[in-house]
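Each chain, letter by letter, is given below.
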Amino acid sequence: MRRNLIIIVCIFLGIIGLMLTGNIIIIGEKLAQITHLWVAEYIFYALILLLLCYLVGVPLFRIHHAPPFPVLDVPAKSNERQLQTFGKTLCSNCGYIPDKEQRKAHQEQLKLDLLHASGDEARLQEVIGQEIALRFDGQKEIGVIGINRRIVEWGKTVFMVSAISQNARFDTLSVMFMNYKMMQDLIDASGFRPTTSQLVRMYGSILTTALITYAMSEALSSTGSVAPFDFGDLDHHADAADAAANGVSDVDLDDVGFDDQLTDTEGLSIYSILRRVKIPGVVVSSALDGTVNALMTLRIGFIMRTYLQKGPKALSGFKNKRSVKFQAMKEALQTIPSVIVSGSSVVGKRTSKLLVKLVQRHNVQQ
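Residues numbered from 1 in each chain as written. Predicted model: local features only at pLDDT ≥ 70, side-chain atom pairs only at ≥ 80, totals over all residues. Heavy atoms only, no water.

Enquirer: When you look at the side chain of Thr-297 in this model, what are you seeing that I'm missing?
Expert: By the element assignment, Thr-297 lies in helix α11 (residues 285-310). Look at Thr-297 and you get buried, because its relative accessible area is 0%. Within polar-contact distance, the side chain of Thr-297 engages the backbone oxygen of Asn-293 at 3.0 Å. If we skip the residues at most four places from it in the chain, Thr-297 touches Trp-154, Gly-155, Val-158, Asn-179 and Met-182. (Helix = DSSP H or I, 4+ residues; strand = E, 2+ residues; numbered from the N terminus. Buried < 20%, exposed > 50% of the residue type's maximum accessible area, 1.4 Å probe, protein only. Polar contact = N/O pair within 3.5 Å; in protein donor to acceptor, adjacent residues only side chain to side chain. Contact = heavy atoms within 4.5 Å.)

Enquirer: Any chance you could explain helix α4 (residues 100-116) here in plain terms?
Expert: Residues lying three or four places apart along an α-helix face the same way, a consequence of the helix completing one turn every 3.6 residues. In a regular helix each residue adds 1.5 Å, so 17 residues correspond to 24 Å; α4 covers 24 Å between its end C-alpha atoms and thus fits that length. For α4, every residue scored as buried is listed here: His-106, Gln-107, Leu-110 and Leu-114. End-on view of α4: buried residues confined to an arc of 100°, all on one side of the axis. Those residues of α4 that are exposed and angled more than 90 degrees off the buried face are Glu-101, Lys-104, Leu-115 and His-116. N-capping of α4 is provided by Asp-99, with a side-chain oxygen placed 3.2 Å from the backbone N of Glu-101. (Expected span 1.5 Å × (residues − 1). Arc of directions from axis to C-beta.)

Enquirer: So what exactly am I meant to see when it comes to the packing of helix α6 (residues 147-164) against helix α7 (residues 168-189) here?
Expert: If you want to describe how two helices pack, look at the angle between their axes and the distance between the axes. Where α6 meets α7, the axes come as close as 10 Å, and the angle between the chain directions of the two elements is 170°. It follows that α6 is roughly antiparallel to α7 by the angle criterion. Two secondary-structure elements touch here, α6 through Ile-147, Arg-150, Ile-151, Trp-154, Thr-157, Val-158, Val-161 and Ser-162 and α7 through Phe-170, Asp-171, Ser-174, Val-175, Met-178, Lys-181, Met-182, Asp-185, Leu-186 and Ala-189. Class assignment of the residues belonging to the contact of α6 with α7 gives a composition of 11 nonpolar, three polar and four charged. (Axes fitted to C-alpha atoms, helices over the stretch in contact; angles between N-to-C directions. Parallel < 35°, antiparallel > 145°, perpendicular 65-115°, else oblique. Nonpolar A, V, L, I, M, F, W, Y, C, P; charged D, E, K, R; others polar.)

Enquirer: Please explain the packing of helix α3 (residues 80-92) against α4 as it appears in this structure.
Expert: The contact between α3 and α4 brings their axes to 9 Å, and the two run at 170°. As far as their axial angle goes, α4 and α3 are roughly antiparallel. Across from Gln-84, Gly-87, Lys-88, Leu-90, Cys-91 and Ser-92 in α3, the residues of α4 making contact are Gln-107, Leu-110, Lys-111 and Leu-114.

Enquirer: Hey, could you run me through the nonpolar core in this one?
Expert: With 51 residues, the main nonpolar core has Ile-147 and Ile-206 as its most contacted residues. For this core, the secondary structure elements donating two or more residues are α3, α4, α5 (121-137), α6, α7, α8 (196-221), α11 and α12 (318-342). At 10 residues, the largest contribution of residues to this core is made by α11. Sequence-distant contacts of Ile-206, that is, excluding residues within four places in its chain, are made with Met-183, Ile-300, Ile-303, Met-304, Tyr-307 and Leu-315. (Core = buried A, V, L, I, M, F, W, Y, C linked by side-chain atoms within 4.5 Å.)

Enquirer: Could you clarify how one ought to interpret the confidence of the model for the protein in this entry?
Expert: Note: predicted coordinates in regions of low pLDDT should not be interpreted at a detailed level. A residue-level look at the protein finds 69% of positions with pLDDT of 70 or above and a mean pLDDT of 75. By mean pLDDT, the top-scoring element of the protein is α4 (93), and the lowest-scoring one is helix α9 (residues 241-247) (38). Across residues 219-269, confidence stays below pLDDT 50; counting only partners more than four residues off in sequence or on other chains, it has 90 contacts. (pLDDT = per-residue confidence, 0-100.)

Enquirer: I tried to follow the packing of aromatic side chains on my own but got confused; where do I start?
Expert: Taken as a whole and assessed by the stated rule, the structure comprises four aromatic pairs. Between Tyr-42 and Tyr-45, the ring centres sit 6.0 Å apart and the planes meet at 90°, which makes this aromatic pair edge-to-face. With a gap of three residues between them, Tyr-42 and Tyr-45 both fall in helix α2 (residues 38-64), about one helical turn apart. According to the relative accessible area criterion, Tyr-45 is partly exposed, its value standing at 21%. When the ring of Phe-44 is compared with that of Tyr-45, the centres are 6.1 Å apart and the planes differ by 55°; the resulting orientation is tilted. A relative accessible area of 18% places Phe-44 in the buried class. Ring pairs connect the aromatic residues Trp-38, Tyr-42, Phe-44 and Tyr-45, which therefore count as one cluster. (Phe/Tyr/Trp six-rings, centres within 6.5 Å; stacked < 30°, edge-to-face > 60°.)

Enquirer: Is there a simple way to explain the pattern of salt bridges in this structure?
Expert: A pair can form between side chains of opposite charge whenever their charged atoms are brought close. Counting across every chain of the model gives seven salt bridges. Where Glu-126 meets Arg-123, a salt bridge forms, and the shortest distance between an N and an O atom there is 3.2 Å. Remark: Arg-123 and Glu-126 occur in helix α5; sequence separation between them is three residues, near one turn of the helix. Two residues, Arg-149 and Glu-153, come together in a salt bridge whose shortest N-O distance is 2.9 Å. With a gap of four residues between them, Arg-149 and Glu-153 both fall in helix α6, about one helical turn apart. Take Arg-149: its relative accessible area is 40%, and that puts it in the partly exposed class. Using a relative accessible area of 32% as the deciding quantity, one classes Glu-153 as partly exposed. (Salt bridge = Lys/Arg side-chain N within 4 Å of Asp/Glu carboxyl O.)

Enquirer: Any chance you could explain a nonpolar patch on the surface here in plain terms?
Expert: A cluster of nonpolar side chains, contributed by Leu-37, Trp-38, Val-39, Tyr-42, Ile-43, Leu-47 and Leu-50, occupies part of the molecular surface with about 790 Å² of accessible area. Structurally, Leu-50 is set in helix α2. By relative accessible area, which is 56% here, Leu-50 ends up exposed. (Patch = residues over 30% accessible without salt bridge, like charges linked within 9 Å, V, L, I, M, F, W, Y side chains within 5 Å. Areas by Shrake-Rupley, 256 points an atom, 1.4 Å probe, with all protein chains shown as cover.)

Enquirer: Is there a simple way to explain α5 in this structure?
Expert: An ideal rise of 1.5 Å per residue puts 24 Å on 17 residues; α5 measures up with 24 Å between its terminal C-alpha atoms. Among the residues making up α5, those that are buried are Leu-124, Val-127, Ile-128, Glu-131, Ile-132, Leu-134, Arg-135 and Phe-136. By the N-cap criterion, in which a side-chain oxygen at the helix start approaches the backbone nitrogen of a residue two or three places on, α5 is capped by Asp-120, the distance to Ala-122 being 3.2 Å. One or two steps after α5, the chain reaches Gly-138, where phi turns positive at roughly 80°.

Have a look at this one:
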């Protein structure tokens with residue numbers, strides 16, 4: 001499926017390229033006719049080529065040659081000198097602490113800890129490990145939320161916004177914007193300030209890894225009842241969504257349209273399952289939209305966290321990407337119940353309870 005998608009995109013881009021090239025050739029020929037100078041045509045082509053190189057080639061070159069974003073992990077098989085260098089790098093990039101005075105005090109303490117650990121590699125690794133853990137786990141006393149908590153909070157925000165909204169276009173735009181802001185937030189929480197080239201490279205790696213599967217699942221879920229993609233009718237009972245939040249008591253999951261065969265490691269299954277879940281007489285469309293969008297957000301967040309921990313190499317190659325996506329989806333499924341429960345005031349306690357049961361059952365089957 002992915003190969004076919006890539007082929008279609010390449011063909012589409014090729015057609016656009018041919019159309020633009022044809023128009024450029026026509027304009028060049030017209031210039032030669034108007035000026036009566038055959039060289040004017042080739043001058044025009046040369047200017048277009050130079051402009052293309054400046055607008056496309058130079059940025060791509062900068063992105064490709066951008067220095068890698070610092071990895072938030074203790075370097076493997078590193079000596080004391082490398083550990084000290086990495087520790088000083090962390091000490092110089094403590095922007096994740098919001099208060100300037102607390103940040104300065106923390107930096108001074110970190111410098112002191114690194115100095116006291118000199119000559120002891122095990123102690124240096126411990127000091128660096130504690131500093132990295134602080135950036136991921138946070139510390140309430142100094143106002144640090146932490147990367148892990150930020151991912152969950154963004155998932156909650158996306159869930160509630162999507163559950164409240166009844167407009168598909170607004171959902172799409174708001175979720176895209178919030179996922180972009182989440183990635184910015186996670187980068188800020190790392191303490192480092194990447195260059196523009198590094199940012200583009202990071203966004204490209206994360207989004208291509210995380211969104212292709214989601215886009216494919218969305219395309220398939222919107223397909224009608226055409227073999228082999230029979231996804232059922234989701235909107236048949238959409239008007240009864242409010243009733244679900246107030247009138248659904250304990251629902252037997254065996255009576256819900258939950259397909260045990262739709263399980264895989266790519267994360268497509270849970271999207272498809274949630275999109276087509278049917279409660280007898282009711283489809284909780286808004287709550288399901290919120291759950292699906294929150295799952296995507298959590299998945300992107302956990303992939304971003306892996307990038308920050310292991311660098312771009314973690315997302316290079318098919319096997320690595322597949323492993324990262326599977327682990328991210330697994331963590332997203334484990335986290336989504338707490339996200340749904342936190343949004344129970346929006347979708348109703350009974351509806352949130354049902355969704356949690358569905359996700360927990362899927363986790364057990366996995």
